[in-house]
Amino acid sequence: MTSEQQEVFEPPDEIVDKAWISDWQAAEAAAASDPVSYWAERAGELEWSKPWDKVLDDRKAPFFKWFTGAKTNIVTNAVDRHLKSARRNKLALIWVSEDNSKVRTFSYFSLNREVEQMANILKAMGVEKGDVVTIYLPRIPEIFFAMLACAKIGAIHSVVFAGYSAEALGTRIDDSESKVVITADGSWVNGKVFALKDIVDEAVKFSPTVENVIVVANTGTEVAMDTIRDHWYHELTRLPIAKGHCETVQVDAEDPLFILYTSGSTGKPKAILHTHGGYQVGTYTTLRYSFDIKPEDRWWCTADPGWVTGHSYLVYGPLLNGATVFMAEGSPTYPYPDINWQLIEYYGITGFYTAPTAIRTLMRFGDAWVTKHDLSSLRLLGSVGEPINPEAWRWFHRVVGQGHCPIIDTWWQTETGMFQITTVPAMPQKPGSAGRPVFGQQAAILDEAGNEVPDGTEGFLVLKNPWPAMMRTLFKDPDRYISTYWSKYPGLYLTGDAAKRDADGYIWVIGRTDDVIKVSGHRLGTAEVESALVSHPGVVEAAAIGLPHEIKGNAIHASVILANGQQPSRELEEELRTHVAETLSPIAKPDTFDFPEKLPKTRSGKIMRRVLRARALGQDEGDLSTLESD
Ligand code: WTA
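Basis of the calculations
- Residues numbered from 1 in each chain as written.
- Predicted model: local features only at pLDDT ≥ 70, side-chain atom pairs only at ≥ 80, totals over all residues.
- Heavy atoms only, no water.
- Phe/Tyr/Trp six-rings, centres within 6.5 Å; stacked < 30°, edge-to-face > 60°.
- Helix = DSSP H or I, 4+ residues; strand = E, 2+ residues; numbered from the N terminus.
- Buried < 20%, exposed > 50% of the residue type's maximum accessible area, 1.4 Å probe, protein only.
- Contact = heavy atoms within 4.5 Å.
- Pairing = 2+ DSSP bridges.
- Axes fitted to C-alpha atoms, helices over the stretch in contact; angles between N-to-C directions.
- Salt bridge = Lys/Arg side-chain N within 4 Å of Asp/Glu carboxyl O.
- Near = heavy atom within 4 Å.
- Polar contact = N/O pair within 3.5 Å; in protein donor to acceptor, adjacent residues only side chain to side chain.
- Areas by Shrake-Rupley, 256 points an atom, 1.4 Å probe, with all protein chains shown as cover.
- Lys, Arg positive; Asp, Glu negative; His and termini not counted.

S.K.: What should I look at first to understand the packing of aromatic side chains in this one?
M.R.: The relative placement of two aromatic rings is captured by the distance of their centres and the angle of their planes. The tally for this structure, following the rule as stated, stands at 38 aromatic pairs. Centroid distance Trp 48 to Phe 67: 5.2 Å. Interplanar angle 45°. Geometry classified as tilted. In this pair, Trp 48 is assigned in the loop between helix H4 (35–43) and strand S1 (54–57) and Phe 67 in strand S2 (residues 65–68), connecting sequence segments 19 residues apart. Exposure remark for Trp 48: the relative accessible area of 15% places this residue in the buried category. What makes Phe 67 buried here is its relative accessible area of 0%. Plain terms: the ring middles of Tyr 313 and Trp 412 are 5.0 Å apart, the flat faces sit at 85° to each other, and that makes the pair edge-to-face. Of this pair, Tyr 313 sits in helix H12 (residues 308–320) while Trp 412 sits in the loop between strand S20 (407–410) and strand S21 (421–422), and the two are 99 residues apart along the sequence. A relative accessible area of 0% places Tyr 313 in the buried class.

Okay, here's the thing in structure tokens:
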């Protein structure tokens, strides 16, 4: 075992004493002895208008069902039930604009009013239970209203990260057959306007299903409005259709709540489907236990609602726990490198949950930017999206957490809906290890043949038990659900990650084993980047790989075969970057390029990424015997 694996931080007594879970060994053992009862007890802490007949229905596994027969709605638990007590007056959401000049706050009472208004408008547009609504909004309060409004009326939201290109957005709108798109005139990105509405116009140009586009005025930018299809949100809210109470529809626990497109190893993005009942139980419980969340907390999750972290732990998890959510529109370094610390100080944030890339970026600016602020309100810190290197962990702990805030590293996926490997605050933490499987879960690390590997050995990370917030299927593609996640080791959920376990049962996640790259914590498929590259007229063939990067975790390297007559140059590289930004997303831009004569491939024509990686890193290319012969 390495010395890093020996490094252990014990949580301070005052944290352990106040935590929901103080005796974690007992809680873990109790859940392990009967996971289904454990989840039934947690579900019992939420409201159901009709109780379930069965907690877990595994008759059609791996198409698991949870809380079958029950009626509920995640909005009943995230909003409505808080209105019945004094909590109605408590702040549900505090929002600040990118330049920190505007603040908007909503009590649970006024959040409900906003959600009702948006829901009334959607209903008036003919949105019905089971319809998909695409949401393409920046981090502004309306994204909360839109997601909750869809859920309230039983519609399915499909949030698309407001940094995707028109093509990526259009594909997602068409695949989900959305009738309504909710967007804004623009979003602020480092002081400049990113023209969201223009992108929507482009995306829906040929869309057969979109009837209405709702546009939130956010940047004040002038945009083209189609007189029939497009509607300013602030004008809609003045109409009589927007007014009045809107009942929260009680849906079946297994009715879909949202789809979220995410990148896989091959081809087009997969739409992960989550449901009301299990998802609410999973996100409520994991946020409560891992971050010890209480109604008096002010919780800041920096993730964008365009990703799963924003869904589970910015929007739903904290509201289900009756906490106060803090949301900032901007990035961690704009307008200045201490914007985060200033906001934490001013708003008295108690829990701060962010990504290793942000931590590494902020660390670079030096301690003084942090220490000039009073961060004593902080109790707990969290990390998500990619492995956190011990150096960044220690800095986060020592400087931001002032040596006494536990750091909760959380490993999970769009597919899992909720944390799967993490710690609760009372557990000792090891920098670089995500921790232990959540209560009720068991993980294993397997070799190719499916045998458990010895402790300290790398292998494929799998999950053994079903859990309430698991995806139910891939929307419109159940076969791919089975083949991607449940085929390599039948009966076990394949995560796609490599990991090791140590003698204490802590899991050390290494990274993806497939063709998914995590760049700054964002999930991208090599296939998507490659198809963006080959859509450039100067490119014949392309392969994308991830290479280690000090700040971003991974950076994209592209090997590109150029068309006849094209010459490699810095200008061409820049042109290809811009092209990828425009056809996929700025987050997918390759950092580095090479322009070989041909790509290394196996005899069956598969690109050998291992060889490309070795070449790019200047390492030994290893066994090339399976390379295609000339
Ligand atoms: C990676 C994000 C190490 C992992 C919530 C996983 C992590 C993928 C961690 C899912 C972590 C996420 N430590 N790796 N704490 N959290 N990952 O779907 O490779 O965007 O499979 O969900 O992110 O990415 P996704």
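S.K.: What's the story with the environment of Leu 287 in this structure? I'm lost.
M.R.: Within the fold, Leu 287 resides in helix H11 (residues 276–290). For Leu 287, a relative accessible area of 0% translates into the label buried. The spacing of Leu 287 and Ala 27 is 260 residues in sequence and 16 Å in space, taken between C-alpha atoms. What Leu 287 contacts, discounting residues up to four positions off in sequence, is Asp 292, Ile 293, Trp 299, Tyr 313, Gly 317, Pro 318, Asn 321 and Phe 419.

S.K.: Please explain the sheet that holds strand S30 (residues 539–549) as it appears in this structure.
M.R.: Sheet strands pair via backbone hydrogen bonds, and the direction of the pair is either parallel or antiparallel. In spatial order, the strands read S30-S31-S32; together these three strands make up an open sheet with mixed pairing. At either end of the open sheet lies a strand with only one pairing partner, and these are S30 and strand S32 (592–594). Geometrically, the sheet is characterised by an average inter-axis angle of 25° between neighbouring strands, direction not taken into account. By the bridge criterion, three bridges tie strand S31 (residues 553–562) to S32 in an arrangement that is parallel. Residue pairing in the sheet places Ala 558 in a bridge with Phe 593 of S32. Across the sheet, helix H20 (residues 609–616) touches S30 and S31, and the angle it forms with S30 is around 65°.

S.K.: Can you help me understand the pattern of salt bridges in this one?
M.R.: Close approach of charged atoms lets side chains of opposite charge pair. Taken as a whole, this structure holds 47 salt bridges when the rule is applied. Where Arg 42 meets Glu 41, a salt bridge forms, and the shortest distance between an N and an O atom there is 3.8 Å. Residue class for Arg 42 comes out buried when judged on its relative accessible area of 9%. Residue classification places Glu 41 among the exposed residues on the basis of a relative accessible area of 51%. The shortest N-O distance in the salt bridge between Lys 152 and Asp 80 comes to 4.0 Å. In this pair, Lys 152 is assigned in helix H7 (residues 141–152) and Asp 80 in the loop between helix H5 (74–78) and strand S4 (91–96), connecting sequence segments 72 residues apart.

S.K.: Even after reading the chapter, I still don't get the site of the ligand, so can you show me in this structure?
M.R.: In the region of the ligand, 17 residues are neighbours, and Thr 410, Thr 414, Arg 512, Lys 518 and Arg 523 sit closest. For the ligand, a nitrogen atom lies 2.8 Å from a polar atom in the side chain of Asp 409. Contacts to the ligand include Thr 414, whose side-chain N or O atom sits 2.5 Å from an oxygen atom. About the coverage of the ligand: the protein hides 96% of its 530 Å² of free accessible area. Among the secondary structure elements, those contributing two or more residues to the shell around the ligand are H12, S20 and strand S27 (507–512).

S.K.: Hey, could you run me through the side chain of Asp 497 in this one?
M.R.: Considering the arrangement of structural elements, one finds Asp 497 in strand S26 (residues 493–501). For Asp 497, the side chain forms a polar contact with the side chain of Trp 411, separated by 2.8 Å.

S.K.: How should the side chain of Glu 98 be read in this particular structure?
M.R.: Structurally, Glu 98 can be placed in the loop between S4 and strand S5 (103–107). Despite its burial, Glu 98 pairs with no opposite charge, the nearest such side chain being Arg 139 at 7.4 Å. In this view, Glu 98 contacts Trp 188, Val 189, Asn 190, Gly 191, Glu 329, Gly 330, Tyr 334 and Pro 335; residues no more than four positions away in its chain are not counted.

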